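One letter stands for each residue in the lines below.
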Amino acid sequence: MPQTLFQKVWDRHAVRTLPNGQTQLYVGVHLIHEVTSPQAFEELEARGWPVAAPDRTIATLDHIIPTQGQARPFADLQAEAMTSALERHCRTHGIRLFDLASGAQGIVHVIGPELGLTQPGMTIACGDSHTSTHGAFGAMAFGIGTSQVRDVLASQTLAMSPSRVRRIEVNGHLGPGVTAKDVILTIIGRLGVQGGVGYAYEYAGNAIQRMSMDERMTVCNMSIEGGARLGYVNPDDTTVEYLRGRRFAPAGDAFDRAAAWWRSLASDPGAVYDDVVRFDAAAIAPTVTWGINPGQSVAVDGRLPHPRSVDARDRAGLEEAMAFMDLAPGQPIAGTKIDVAFIGSCTNGRLSDLRESARLVQGRRVAPHVRALVVPGSQAVRAAAEHEGLHEIFTAAGFDWRGAGCSMCLAMNQDRLHGREICASSSNRNFKGRQGSPTGRTLLMSPTMVAAAAIAGEVVDVRSWGGPA
Ligand code: SF4
């Protein structure tokens, strides 16, 4: 029987069926960070349990650490306490920690792939919703809660129910200025933030196949925002070449054997899906969210919807979002003034994102009323960007150039919105309060759109914008 990648990977990791009907699934790699692990370790230690597979557990610092002023102890007492706790737990249990001194610290979903820890056919778990990022490699990657982090630490397994599989095909050519971020925002906009509930998303079609691994990661990253349990892309030559020579990837003959196995995991021709949805790449425009969930978006040259145009059951949510954002039905999104510009996060904090943004920023200045920051996704991204001189382009334009971390994606550190500020953000969530101020407002868009908005001081269409040079 032809199988999907989901079925193949699931079957290979199923340990047994549990009495409640769920499957006990082996976890190949468990990624942990300073925010969702302390309580899990405490529960483990209270029961006297060891970590089941310390060699399959990898730790980093990302969520709360400051992106400037990184000398220890941190001025932020909570950041210091969480960092110290993770350091202590890793020492106690023999877990490898990529700390600030390692040169490999960064956002957990950025360092996993760049170190070659993320490989096709793996099951990966992490206490962060956007673990779906790793699906770009043909891995099955689950974002889990703190109690599940404890379970994985204790048993290296998870109790899971299988998902249905929806194939999302994107065919054709993306237009100039249209990015992977626009693709996933468009998918979520059409299918809805609940549309993927109960599903794993398989992204396919020639527009996805042409994407780089960075772009595929951007797409898979936001699967969870569309309600899907996870998202993945079938492994192919692009996947294999990305992994070749990475620190934790197999080497020599073992790499060739692994590559053959990785390729064999791709969904078989004739595999049966629970649903298939198709998108025309050429019809996708640079996309901007106007509301308080990632499904509330519009093409940059479009206008906000009118409450009359949506189902009665969605009307209240739409009106609530517009009232919160202080935007009106029928209003064009272009021209919306911004206060803050943030380029970073596990969605769009990779080297290619910084390169594209720097190209647009070069020779220009951030608008006087805008506070702009670039936060590389990892120390490796930061070092590579500095090697290329990208930091000089950004700082000359008036951007802050920061250390690696999650930063203003969730604003657990000092990088946050104040009051009613509006932020053009390359991150993945625009929920109320997500960027640190309960009344702050977030417009999600691609990093190049953020760069253009930073210079223009308002939302602009990157396709036609010349901008002040
Ligand atoms: S950048 Fe945001 S979404 Fe990504 S791991 Fe950090 S907090 Fe989570």
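What you are looking at is a predicted structure, and each value in this text was computed from that prediction instead of being measured. (Residues numbered from 1 in each chain as written. Predicted model: local features only at pLDDT ≥ 70, side-chain atom pairs only at ≥ 80, totals over all residues. Heavy atoms only, no water.)

**Topic: the site of the ligand**
At step 1: Taken together, the residues surrounding the ligand are His63, Ile107, His109, Asp128, His130, Ser345, Cys346, Cys406, Cys409, Leu410, Asn428 and Arg434.
At step 2: Its residues assigned to classes, the shell around the ligand shows five nonpolar, five polar and two charged. (Near = heavy atom within 4 Å. Nonpolar A, V, L, I, M, F, W, Y, C, P; charged D, E, K, R; others polar.)

**Regarding helix 6 (residues 180–191)**
At step 1: Between the first and last C-alpha of helix 6 there are 17 Å, a value that for 12 residues agrees with the 16 Å anticipated at 1.5 Å per step.
At step 2: Regarding helix 6, the residues found buried are Ala180, Lys181, Asp182, Val183, Ile184, Leu185, Ile187 and Ile188.
At step 3: At the exit of helix 6 stands Gly192, carrying a positive phi of roughly 90 degrees. (Helix = DSSP H or I, 4+ residues; strand = E, 2+ residues; numbered from the N terminus. Expected span 1.5 Å × (residues − 1). Buried < 20%, exposed > 50% of the residue type's maximum accessible area, 1.4 Å probe, protein only.)

**Overview of unusual backbone geometry**
At step 1: A cis amide bond links Arg72 to the next residue, Pro73, at an omega of -5 degrees.
At step 2: Here Pro73 is to be found in the loop between strand 4 (57–60) and helix 3 (77–93).
At step 3: Not every positive phi belongs to a glycine, and Ser407 is a case in point at roughly 55 degrees.
At step 4: You will see that Ala411, though not glycine, has its phi angle at about 55 degrees, which is positive.
At step 5: When you line up the elements, Ala411 lands in the loop between strand 17 (400–401) and strand 18 (422–425).

**What about the environment of Thr67?**
At step 1: Assignment of secondary structure puts Thr67 in the loop between strand 4 and helix 3.
At step 2: Taking the relative accessible area as the measure of exposure, Thr67 reaches 5% and is therefore buried.
At step 3: Separated by 55 residues in the primary sequence, Thr67 and Met122 place their C-alpha atoms 31 Å from one another.
At step 4: Leave out the neighbours within four places in its chain, and Thr67 touches Val375, Arg402, Gly403, Ala404, Gly405, Ser407, Asn413 and Asp415.
At step 5: Among the polar contacts made by the side chain of Thr67, one reaches the side chain of Asp415 at a distance of 2.6 Å. (Contact = heavy atoms within 4.5 Å. Polar contact = N/O pair within 3.5 Å; in protein donor to acceptor, adjacent residues only side chain to side chain.)

**Quick notes on the nonpolar core**
At step 1: Within the largest apolar cluster, 54 residues are counted, with the highest numbers of intra-cluster contacts made by Trp290, Ile338, Leu354, Phe394 and Phe399.
At step 2: The leading source of residues in this core is helix 16 (residues 447–456), at seven residues.
At step 3: Ignoring sequence-local partners within four residues, the contact set of Phe399 consists of Ile343, Val361, Val366, Ala372, Leu373, Val374, Phe394, Ala451 and Ala454.
At step 4: In terms of nonpolar packing, the next biggest core, distinct from the first, is built from 38 residues, Leu61, Phe74, Met82 and Met160 among them. (Core = buried A, V, L, I, M, F, W, Y, C linked by side-chain atoms within 4.5 Å.)

**Comments concerning the sheet that holds strand 17**
At step 1: A sheet is described by the order of its strands in space; here five strands give the open sequence 17-16-15-18-19, paired in parallel fashion. The sheet is open, and its two borders are formed by strand 17 and strand 19 (441–444), each paired with just one other strand.
At step 2: Here strand 18 runs beside strand 19; their pairing, made up of four bridges, is parallel. Residue Ile422 lies in a different strand from strand 19, and its bridge partner there is Arg441.
At step 3: Here helix 16 sits on the sheet in contact with strand 15 (340–343), strand 16 (371–374) and strand 18, set at roughly 150 degrees to strand 15. (Pairing = 2+ DSSP bridges. Axes fitted to C-alpha atoms, helices over the stretch in contact; angles between N-to-C directions.)

**Some points on the side chain of Arg402**
At step 1: Structurally, Arg402 can be placed in the loop between strand 17 and strand 18.
At step 2: Classification of Arg402 by relative accessible area gives buried; the value is 7%.
At step 3: Only 3.3 Å separates the side chain of Arg402 from the side chain of Gln68, close enough to count as a polar contact.
At step 4: If we ignore the near neighbours within four places in the chain, the residues touching Arg402 are Thr67, Gln68, Leu373, Val374, Val375, Pro376, Arg382 and Asp415.

**Considering the pattern of salt bridges**
In a structure, side chains of opposite charge can pair up when their charged atoms sit close to one another.
At step 1: This model, assessed by the stated rule, comprises 24 salt bridges.
At step 2: Arg72 is the partner of Glu80 in a salt bridge, and the nearest nitrogen-oxygen pair spans 2.9 Å.
At step 3: Given the relative accessible area of 36%, Arg72 is considered partly exposed.
At step 4: Of the charged contacts, one joins Arg216 and Asp236 as a salt bridge, the two residues approaching to 2.8 Å between their closest N and O atoms. Taken together, the positions of Arg216 in helix 8 (residues 213–221) and Asp236 in the loop between strand 11 (230–233) and helix 9 (237–243) put the pair 20 residues apart, joining distant regions of the chain. Grouping residues by exposure puts Arg216 and Asp236 together as buried.
At step 5: Through salt bridges with shared partners, a single network forms among Glu43, Arg47, Arg150 and Asp151. (Salt bridge = Lys/Arg side-chain N within 4 Å of Asp/Glu carboxyl O.)

**Side note on the sheet that holds strand 10 (residues 199–204)**
At step 1: Pairing within the open sheet is parallel, and its four strands lie in the order 11-10-9-12. Every other strand in the sheet has two partners, leaving strand 11 and strand 12 (275–280) as the edge strands with one partner each. Neighbouring strand axes in the sheet, compared pairwise and without regard to direction, differ in orientation by 25 degrees on average.
At step 2: Judged from the four bridges that link them, strand 10 and strand 11 form a sheet pairing that is parallel. Within strand 11, the position partnered with Tyr201 by the bridge is Gly231.
At step 3: Against the sheet, helix 1 (residues 5–13) contacts strand 9 (164–171), strand 10 and strand 11, and its axis sits at roughly 110 degrees relative to strand 11.
At step 4: Against the sheet, helix 6 makes contact with strand 9, strand 10 and strand 12, and its axis sits at roughly 125 degrees relative to strand 12, the strand it touches most.

Any functional reading would require information beyond the geometric quantities listed.
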